[in-house]
Amino acid sequence: MVPLLLVLLLAVILFGAGFALKALWWVAIIVLVLWLLGFVMRGTSSGGGRSRWYRW
């Protein structure tokens, strides 16, 4: 009974880690797309040069 519980616990842990990693990949892709859009669509400053689209 104990080995069966250990195998089930291991399966649950691995499934949870796999799901979290997949979710983090989707978040990373969305952030990359937003960063690229901000980089492409940034405006020009009054001096004629490209302005920074981020605040920091």
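A short tour of the structure in this document, coming up. (Residues numbered from 1 in each chain as written. Predicted model: local features only at pLDDT ≥ 70, side-chain atom pairs only at ≥ 80, totals over all residues. Heavy atoms only, no water.)

When helices and strands are counted, the protein chain shows one helix and zero strands. A total of 56 residues make up the protein chain; the buried ones form 2% of that total. Carbon and sulfur atoms make up 80% of the accessible area of the protein chain, which totals about 5,400 Å². (Helix = DSSP H or I, 4+ residues; strand = E, 2+ residues; numbered from the N terminus. Buried < 20%, exposed > 50% of the residue type's maximum accessible area, 1.4 Å probe, protein only. Areas by Shrake-Rupley, 256 points an atom, 1.4 Å probe, with all protein chains shown as cover.)

What follows covers a nonpolar patch on the surface. Residues Trp 26, Ile 29, Ile 30, Leu 32, Val 33, Leu 34, Trp 35, Leu 36, Leu 37, Phe 39, Val 40 and Met 41 make up a contiguous nonpolar surface patch of about 1,200 Å² in total accessible area. Within the secondary structure, Phe 39 is located in helix H1 (residues 2-40). The class for Phe 39 is partly exposed, based on a relative accessible area of 39%. (Patch = residues over 30% accessible without salt bridge, like charges linked within 9 Å, V, L, I, M, F, W, Y side chains within 5 Å. Salt bridge = Lys/Arg side-chain N within 4 Å of Asp/Glu carboxyl O.)

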